[in-house]
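Here is how the chains run, residue by residue.
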Amino acid sequence: MSTTLITNGIVVDAGTMRPLDILISGERVESLLPRGSEVRADRVIDASGRYVLPGIIDAHNHPVYADRIDRLSRAALSGGVTTVIPYIGAVAAWGKQGGLVQAIDDFIREGETGSCIDFGLHCTLTANVMEEADEAIPELVARGVISFKAFTSYRKRGMKLEDDQILHLMELVAREKALLAFHAENDAILEYLEAKAVAEGREHPRDYPATHPNISEAEAIFRMLSLASVAGCNIYLPHVTCKESLEAIRLFRKWGTVPTLFAETCPHYLTLDDSQLALRGNLAKMSPPLRKEADREALWEAIRNGEIQVVASDAAGHATAANEPLFAETFRAPHGAPGVDTLFCVTWNEGIAKGRVAIPDLVRLLCENPAKCFGLYPRKGTLLPGSDADVVIVEGVVHGLALAAELDELAGFQQPQLVADGTLGDAHDLGNIVDAEFALKQRIQNFDAGGIAKDAEQLGQIIKHLVVGQVVLQTADSGLVQLDGLRGTFGRFFALCQCHHPFICLFVHMIHPEMGFVKRKTQKNPPNAKILASGGGLLSR
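It should be emphasised that the depicted structure is a prediction, and the values quoted were computed from it without experimental measurement.

### Notes on the packing of helix α4 (residues 163-175) against helix α6 (residues 214-231)
- One way to put it is that α4 packs onto α6 with a least axis distance of 9 Å and a crossing angle of 50°. By the criterion of interaxial angle, the relationship of α4 to α6 is oblique. In this structure, the crossing between α4 and α6 has a hand that is right-handed. Seen from α4, the contacting residues are Asp163, Ile166, Leu167, Met170, Glu171 and Ala174; seen from α6, they are Arg223, Met224, Leu227, Ala228 and Ala231.
- Counted by class, the contact of α4 with α6 contains 8 nonpolar, no polar and 3 charged residues.

### Considerations on unusual backbone geometry
- Proline 325 follows glutamate 324 through a cis peptide bond whose omega is -10°.
- The omega angle of the peptide bond from tyrosine 377 to proline 378 is 10°, so this bond is cis rather than trans.
- Mapped onto the elements of the fold, proline 378 is located in the loop between α12 (359-373) and β15 (390-395).
- Backbone geometry places alanine 14, a non-glycine residue, at a positive phi of 55°.
- One can find alanine 14 in the loop between β1 (3-13) and β2 (16-25).

### Here's the deal with the environment of tyrosine 208
- The topology assignment puts tyrosine 208 in the loop between α5 (187-199) and α6.
- Overall, the relative accessible area of 1% leaves tyrosine 208 in the buried class.
- A C-alpha to C-alpha distance of 7.5 Å links tyrosine 208 and phenylalanine 331, two positions 123 residues apart in sequence.
- Setting aside residues no more than four positions away along its own chain, tyrosine 208 makes contact with Leu277, Lys285, Met286, Ser287, Pro289, Thr330, Phe331 and His335.

### Quick notes on the pairing of strand β6 (residues 56-61)
- Taking burial as the measure, the 6 residues of β6 include 6 buried ones, the bulk of the element.
- Both β6 and strand β7 (residues 81-88) contribute to a ladder of 4 bridges, which runs parallel. Directly across from aspartate 58, in β7, lies its bridge partner valine 84.
- For the crossover that starts at β6, traverses helix α1 (residues 69-77) and ends in the parallel β7, the hand is right-handed.

Parameters and conventions
- Residues numbered from 1 in each chain as written.
- Predicted model: local features only at pLDDT ≥ 70, side-chain atom pairs only at ≥ 80, totals over all residues.
- Heavy atoms only, no water.
- Axes fitted to C-alpha atoms, helices over the stretch in contact; angles between N-to-C directions.
- Helix = DSSP H or I, 4+ residues; strand = E, 2+ residues; numbered from the N terminus.
- Parallel < 35°, antiparallel > 145°, perpendicular 65-115°, else oblique.
- Left-handed = near helix turned anticlockwise from the far one by under 90°.
- Contact = heavy atoms within 4.5 Å.
- Nonpolar A, V, L, I, M, F, W, Y, C, P; charged D, E, K, R; others polar.
- Buried < 20%, exposed > 50% of the residue type's maximum accessible area, 1.4 Å probe, protein only.
- Pairing = 2+ DSSP bridges.
- Right-handed = clockwise from strand over helix to strand, strands pointing away.

Pasting the structure below:
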């Protein structure tokens with residue numbers, strides 16, 4: 001079994017930053033050693049002056065639109081994401097017909113033949129599958145799916161569940177000691193305001209946020225947490241966007257009526273505001289929409305207070321052609337933007353480089369807490385001995401703020417791994433967006449042009465994880481949150497790579513000597529980083 005020694009780095013894990021060496025044996029971390037330990041290894045990586053982090057976990061993405069799991073996983077890998085957990089279901093709006101269990105099985109097969117990194121899944125429940133929910137949910141939980149999702153909006157798309165259906169669903173999920181997520185917006189408010197805007201001729205993308213007001217999200221969150229208090233259901237709230245929603249979450253944590261309550265937000269809500277719709281048109285349309293500057297600051301304050309546990313991408317990219325015309329007919333345009341490849345770097349730049357949070361806090365948000373929320377810890381989300389050797393090595397100095405003129409040059413960039421060619425990345429401070437090919441060569445060489453694996457042995461099979469007994473998260477209001485009620489583990493479905501090295505991504509952020517950024521229209525790769533080495537191999541059998 002081959003060994004790798006990562007030496008001279010600063011290991012960031014479990015809330016600490018320590019000068020340690022990491023010895024990896026096969027695909028697992030074998031030991032953490034004092035710096036400078038004279039240990040022999042087949043491969044030595046010098047991480048001097050760099051931070052050594054667990055692999056990033058993107059707990060929220062949608063490989064159901066322009067890009068499927070094959071391309072999304074490669075884009076994820078290009079940004080240091082080593083595990084993705086997408087939302088999957090028999091959702092007609094996603095182009096999927098048939099039963100719920102069949103949809104899950106189909107995705108697992110797709111992932112096993114297409115994903116180049118580890119993957120799990122959340123199960124999405126819409127009105128068309130509620131008749132089979134009573135039998136499907138226990139079956140899926142027994143197979144390792146412990147996270148489900150429902151919608152309180154999008155009746156016209158066939159996605160909305162009524163409150164009585166939601167209560168029944170909560171009862172089923174609570175009985176299985178699983179976790180239920182919600183896309184939380186008040187559908188009546190959305191439909192009313194959209195119809196009013198169309199009648200008044202307000203269909204420019206800048207008119208879109210007003211049809212999804214803060215109170216629509218906050219009301220739906222309050223209502224779902226009220227129902228969860230009655231049903232005794234564990235709740236995960238994805239893409240929280242505004243200060244009113246945070247107030248509702250604080251209230252229920254104060255009351256203590258929801259057994260387990262996690263909150264997530266996304267990089268675009270932390271870094272952008274609703275002015276982007278006037279600048280970028282329907283490419284910046286998402287749901288819930290981008291909010292005001294005050295909401296951005298409220299989200300960062302909630303992160304600092306421990307009230308938001310996870311940051312995830314909510315990547316749901318579409319080709320630009322699907323959004324045409326970009327600056328009209330916004331209610332006909334699709335929702336969502338790509339972002340799995342920029343999850344880590346954008347959050348790092350906005351959080352660490354601007355002094356909003358400490359590096360251990362970022363590791364909790366992107367690594368440790370997602371793993372704990374979904375039953376992957378301590379196999380994922382940490383570098384403790386015995387964990388998977390998913391490692392990201394990051395240069396400690398991040399520089400660069402794009403000039404307005406340079407942003408125009410960046411606007412034409414397309415992530416090489418994605419069909420979705422619209423991006424919001426150029427709207428960010430992109431001091432350390434990574435080279436899109438940094439860790440892909442070894443993994444992609446076994447794919448043909450269509451993304452289909454040439455060599456099945458490079459991909460995976462279903463494995464089973466041990467049951468997680470108890471994990472603990474710290475929140476500002478309620479102290480320690482015990483998760484020993486969660487049954488089973490999430491993410492038994494992973495693509496396994498039979499490579500000879502652990503999965504190690506080295507980020508070294510190199511500023512362009514002339515202008516600080518490589519112009520995306522004239523360069524193939526995103527700016528400001530070179531990745532020195534990478535390997536493969538994730539889960540041991």
